[in-house]
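Single-letter residue listing:
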Amino acid sequence: MDENGNAVLCRDVMKVFGRGDAQVQALRGIDMEAGLGEMTMLVGPSGSGKTTLLSVITGLLDATAGDLVVLGERPGRLSPEERILFRRKNLGFVFQQYNLIPALTAAENVAVPLLADGRKRQQAVAVGKAILDALGMSHRVHALPNELSGGEQQRVALARALIHDPRLIVCDEPTSALDARTGHAVMELLRAAAVRPDRAVIIVTHDARIFPFADRIAHMDDGRIVNLEVNGKKGD
Ligand SMILES: Nc1ncnc2c1ncn2[C@@H]1O[C@H](COP(=O)(O)OP(=O)(O)OP(=O)(O)O)[C@@H](O)[C@H]1O
Ligand SMILES: [Mg+2]
């Protein structure tokens, strides 16, 4: 966290991909905060920079310029090893493509963050099964990813992001493959994870059904935040 109770603080963050004619300005000066105890949503058209911003916040990509503070750390100042440890301990991700490990069952995929943390396999998988149970997946814990529907894979990815109780959970379209009821259950779970004083959730979404769960909604267009809604009201 920073001195103002933010989980994430971005000041004039830029990201440029490529060089010369092939150059793409994916982020053109992002100013935003994601508060602790809050759920922040990023919305905007395809190509507006949402995934790029999540990648920069989680330290998977380096910003080209600007200042970024995540849970009180400046990712740019950490060594590669420190960054990996910081991510492993503090962050949970759901990627736009779910990135499940094909050879592992659903419960084993969910257990991966605990295994990386040195927990015993049997114990880690048991915790994984319990989270899958809470997401209505108890009957599919032994299935491999390619045996699961898209919505089931999405819930496995979500369970994996939550299992080590990370301080910052970052999700790229976590409900895109889910029906209304399952999507609502997923959001209830994320909301419960977010509204603790030292936790935060940032979600990229096109799904208007889940907007009511947000504390703030940052609207992106062409690499910029063009509008900020706070608690559903129009902000600055
Ligand atoms: N690795 C990369 N190399 C070059 N350009 C990239 C790279 N990643 C993203 N871009 C470009 O940066 C811009 C922002 O992409 P980004 O993936 O952040 O969009 P998005 O808002 O997540 O879109 P979507 O809703 O389709 O997922 C796009 O123009 C995209 O083509
Ligand atoms: Mg994207």
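Residues numbered from 1 in each chain as written. Chains lettered and ligands numbered in written order. Predicted model: local features only at pLDDT ≥ 70, side-chain atom pairs only at ≥ 80, totals over all residues. Heavy atoms only, no water.

A. The sheet that holds strand β1 (residues 6-17), seen in detail. The three strands lie next to each other as β2-β1-β4, forming an open sheet whose pairing is antiparallel. The open sheet is flanked by β2 (24-35) and β4 (65-70), the only strands paired with a single partner. Strand-to-strand twist across the sheet, computed as the mean angle between neighbouring axes with direction ignored, equals 15°. Where β1 lies against β2, nine bridges are found, and the strand directions are antiparallel. Counterpart to N6 in the pairing with β2 is G35. (Pairing = 2+ DSSP bridges. Helix = DSSP H or I, 4+ residues; strand = E, 2+ residues; numbered from the N terminus. Axes fitted to C-alpha atoms, helices over the stretch in contact; angles between N-to-C directions.)

B. Expanded view of the coordination of the magnesium ion (ligand 2). Looking at the metal site, the magnesium ion (ligand 2) is ligated by T51 (OG1) and Q96 (OE1), spaced 2.0 to 2.5 Å from it. Residue T51 is located in helix α1 (residues 50-57), and its partner Q96 is located in the loop between β5 (91-94) and α3 (106-116); the two are separated by 45 residues in the primary sequence. By relative accessible area, T51 is classed as partly exposed at 33%. (Donors = N, O, S within 2.8 Å, 3.2 Å for Na, K, Ca; no water. Buried < 20%, exposed > 50% of the residue type's maximum accessible area, 1.4 Å probe, protein only.)

C. Spatial organisation of the side chain of N90. Within the element layout of this structure, N90 appears in helix α2 (residues 80-90). Overall, N90 belongs to the buried group, its relative accessible area being 5%. With sequence-adjacent residues up to four places away left out, N90 is seen in contact with L71, P166, R167 and L168. (Contact = heavy atoms within 4.5 Å.)

D. Molecular detail of the site of ligand 1. Near ligand 1, the surroundings consist of 13 residues, among which S46, G47, K50, T51 and T52 are the closest. Side-chain polar atom of T52 to an oxygen atom of ligand 1: 2.6 Å apart, as the coordinates give it. Counting residues per element, the shell around ligand 1 draws most heavily on α1, which supplies three residues. Partitioning the shell around ligand 1 into residue classes produces four nonpolar, eight polar and one charged. (Near = heavy atom within 4 Å. Polar contact = N/O pair within 3.5 Å; in protein donor to acceptor, adjacent residues only side chain to side chain. Nonpolar A, V, L, I, M, F, W, Y, C, P; charged D, E, K, R; others polar.)

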